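Each chain, written out:
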Amino acid sequence: MKKTVTCTVCPNGCEIEVNYTTREDAVLTGYICKRGISYALDECFEPTRTFTSSVKITGTDRRMLPVRTTAPIPKALLMKAADELKAITLTVPVKCGDVIVENFVGTDAKLISAMTLEGENA
């Protein structure tokens, strides 16, 4: 299989071409730094993303509170993560960084608040 990956680890933005059947036999070209090798292999075999979204909140004029994961989660779990947010409704006060869900979608990542809201007109 052949895949082209644009590396986002450093500002170079290398276009890395990966030819592979397995992780062990992958041949990579187009990278400048060694971090690109790891990034491209992970992107081909175990892609992850930091999940960002919002949840419902009450006790304030705002209707939604931005949230994010503390670490990237498997890309295959993104839709499950979005579905789990539907059941969450928070109430003020909430501080930026407050943990909302430990082990979010069965991963080691936590779902945390990305904003502080303290009152009615926050």
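As a reminder, the structure under discussion sits directly above these lines.
Residues numbered from 1 in each chain as written. Predicted model: local features only at pLDDT ≥ 70, side-chain atom pairs only at ≥ 80, totals over all residues. Heavy atoms only, no water.

## Focus: the pattern of salt bridges
Scanning the entire structure with this criterion turns up six salt bridges. Put simply, glutamate 46 and arginine 23 hold a salt bridge, and the shortest N to O gap is 4.0 Å. Residue glutamate 46 is located in the loop between helix H1 (34-45) and strand E4 (48-49), and its partner arginine 23 is located in the loop between strand E2 (15-19) and strand E3 (27-29); the two are separated by 23 residues in the primary sequence. Residue class for arginine 23 comes out partly exposed when judged on its relative accessible area of 28%. In this structure, glutamate 118 engages lysine 95 in a salt bridge whose closest nitrogen and oxygen atoms are separated by 2.6 Å. Of this pair, glutamate 118 sits in the segment after strand E10 (111-113) while lysine 95 sits in the loop between strand E8 (89-91) and strand E9 (99-101), and the two are 23 residues apart along the sequence. (Salt bridge = Lys/Arg side-chain N within 4 Å of Asp/Glu carboxyl O. Helix = DSSP H or I, 4+ residues; strand = E, 2+ residues; numbered from the N terminus. Buried < 20%, exposed > 50% of the residue type's maximum accessible area, 1.4 Å probe, protein only.)

## Here we look at the sheet that holds strand E6 (residues 64-69)
Picture the strands of a sheet paired through backbone hydrogen bonds; they go either parallel or antiparallel. Read across the open sheet, the five strands follow the order E8-E5-E6-E10-E9; overall the sheet is mixed. Among the strands making up the open sheet, the edge pair consists of E8 and E9. The mean angle between the axes of side-by-side strands here comes to 45°, regardless of whether they run parallel or antiparallel. Bridge count for strand E5 (residues 52-58) against E6 is five bridges, and the pairing is antiparallel. In the sheet register, valine 55 faces E6, and the bridge partner there is leucine 65. (Pairing = 2+ DSSP bridges. Axes fitted to C-alpha atoms, helices over the stretch in contact; angles between N-to-C directions.)

## Quick notes on the packing of aromatic side chains
Tallied over the full model, the rule gives two aromatic pairs. Where phenylalanine 51 meets phenylalanine 104, the ring centres are 5.9 Å apart and the plane angle is 35°; that geometry is what we call tilted. Within this pair, whereas phenylalanine 51 is found in the loop between E4 and E5, its partner phenylalanine 104 is found in the loop between E9 and E10, the two being separated by 53 residues in sequence. For the pair phenylalanine 51 and phenylalanine 104, one class covers both residues: buried. (Phe/Tyr/Trp six-rings, centres within 6.5 Å; stacked < 30°, edge-to-face > 60°.)

## Here we look at H1
Its twelve residues give H1 an end-to-end C-alpha distance of 17 Å, which sits within 8% of 16 Å, the value for a rise of 1.5 Å per residue. The complete set of buried residues in H1 reads Gly36, Ala40, Leu41, Glu43 and Cys44. Viewed along the axis of H1, the buried residues span an arc of 160°, placing them on a single side of the element. (Expected span 1.5 Å × (residues − 1). Arc of directions from axis to C-beta.)

## Some details on the side chain of glutamate 43
As for its position among the elements, glutamate 43 is in helix H1. Looking at glutamate 43, the relative accessible area reads 12%, which means it is buried. Leave out the neighbours within four places in its chain, and glutamate 43 touches Lys3, Val5 and Arg49. (Contact = heavy atoms within 4.5 Å.)

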